[in-house]
Amino acid sequence: MAPSTLFSAGISSVTGASSSSHSSNSSQGSLLVDDHPIEIKQTRQKIDYRPKSTLHFKTRAEMNWQERVAARGLMDQSYHELKPETLDRGPIPHHSIMREHLYIVSRGMVAPMLQQISYWIFPNFKWPIVMAYPIYLVSFSLFLNRSLRRFERFALIYGTLDEKKIGRDRIPDASIPQLAKGFVAFLVARTFGEFYLKWDQNESPLSNFAWTTPVRMFFWLMVLDYFFYTYHRLCHEHDFLWRIHARHHNTRHPSPSLAILADNFQEVIEIALCPLAATLIVPMSFHELFLMMCYCAYVEILGHTGMRASWDFPITGPILKVIGCELQVEDHDLHHRYGKSGRNYGKQSRFWDVLFGTTTPREEMANRPGLSKY
């Protein structure tokens, strides 16, 4: 039985399906199947120095609530596997940005459209906040989960960066409590902030969108990225601030679930303060802001996939590509790979990195036509 087949059984058990008997035998890639150890190669190093990770071996029944939350971020086995040096995937593929706009809008607008339909059918009934918040919260949660699975599917098709040297990092056992808390904090804080600042039950969702919406979305992301860039760069350049950010850099080859792994101070800054600053500067209605948060979260997850593709970031990418400041997945991947010395501090664009001279030369994406090399 192939290693990928063995792992698929493990994933099935996490999602509730039955699986064959198995247990962990090492920190990273050994399985016991019918008492016979099967090694799964994940790095060309003689010893894999990454933290112990065994969550993917557990059935759902064996997990506590924190592990069940973290298990939502488990990826297919082949995503983590070391690829053979002889593998030839051909030229780096280009992924359609319009395809992603259609995906984000169609999934991100589920809650607003439910509200709009309700207002059409029952014009005298306006959603109270106690009804609206749970609906928008669940909608945002489903969007995040669906995006994770979408990126998993394309990562298996396109491959991942540096995959011939090392597989993508798994969820460390020691980080599961913080990861679970971070996911819940992200989900609740992002949606609660929108309601606290902008909710008006009398507003009709579709009437809040105008031709200026994409323009304001672009500037909202640029302002957000400026505040993120500034704080992020300070963390890397000053030791006393590095303590805030160091946990996030425990991963050198991140996977999507590790995008949210951070200390409490970093979570407050990234989840609450930076978006708050952008919202106070760039005017947005509640429903525009909700869709904006879907775009923003989409990019934050995408940046940690290690996807080997020319995958433009939907809102900032096409505009900034004209001046060579578009962000690609490899930019943030290299940032993690070089740890504290990593540059590429922006997460929604490369504009501020180019402006202030803090870019890192691209490697696998360096010769991709139409992309800047710096």
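Heads up: the structure comes first, above all this text.
Read on for an overview of the structure. (Residues numbered from 1 in each chain as written. Predicted model: local features only at pLDDT ≥ 70, side-chain atom pairs only at ≥ 80, totals over all residues. Heavy atoms only, no water.)

1. Considering the packing of helix H4 (residues 97–108) against helix H11 (residues 286–302)
Contact pair H4 / H11: the axes reach a minimum separation of 10 Å and the direction vectors enclose 130°. The angle between H4 and H11 places the two elements in the oblique class. H11 is crossed by H4, and the crossing has right-handed handedness. Contacts between H4 and H11 involve Glu-100, His-101, Tyr-103, Ile-104, Val-105 and Gly-108 from the first element and Phe-290, Leu-291, Cys-294, Tyr-295 and Tyr-298 from the second. Grouping the constituent residues of the contact of H4 with H11 by class yields eight nonpolar, two polar and one charged. (Axes fitted to C-alpha atoms, helices over the stretch in contact; angles between N-to-C directions. Helix = DSSP H or I, 4+ residues; strand = E, 2+ residues; numbered from the N terminus. Parallel < 35°, antiparallel > 145°, perpendicular 65-115°, else oblique. Left-handed = near helix turned anticlockwise from the far one by under 90°. Contact = heavy atoms within 4.5 Å. Nonpolar A, V, L, I, M, F, W, Y, C, P; charged D, E, K, R; others polar.)

2. Concerning a positive patch on the surface
Taken together, the side chains of Arg-99, Arg-107, Arg-146 and Arg-153 define a basic patch exposed on the protein surface. Put simply, the parts of the chain that give the positive patch at least two residues each are H4 and helix H6 (129–158). Inspection of the secondary structure assignment puts Arg-146 in helix H6. Taking relative accessible area as the criterion, Arg-146 reaches 31% and is therefore assigned partly exposed. (Patch = residues over 30% accessible without salt bridge, like charges linked within 9 Å, V, L, I, M, F, W, Y side chains within 5 Å. Areas by Shrake-Rupley, 256 points an atom, 1.4 Å probe, with all protein chains shown as cover. Salt bridge = Lys/Arg side-chain N within 4 Å of Asp/Glu carboxyl O. Lys, Arg positive; Asp, Glu negative; His and termini not counted. Charge placed at Lys NZ, Arg CZ, Asp CG, Glu CD. Buried < 20%, exposed > 50% of the residue type's maximum accessible area, 1.4 Å probe, protein only.)

3. Re the pattern of salt bridges
Applying the stated rule across the entire model yields 20 salt bridges. For Arg-337, the salt bridge goes to Asp-333, with nearest N and O atoms at 2.7 Å. You can see Arg-337 and its partner Asp-333 sitting in helix H13 (residues 329–337), four residues apart, about one turn around the helix. When its relative accessible area of 12% is taken as the criterion, Arg-337 is described as buried. On the basis of relative accessibility, which here comes to 0%, the residue Asp-333 falls in the buried class. One network of salt bridges, in which partners are shared, links Asp-162, Arg-168, Asp-333, Arg-337 and Glu-363.

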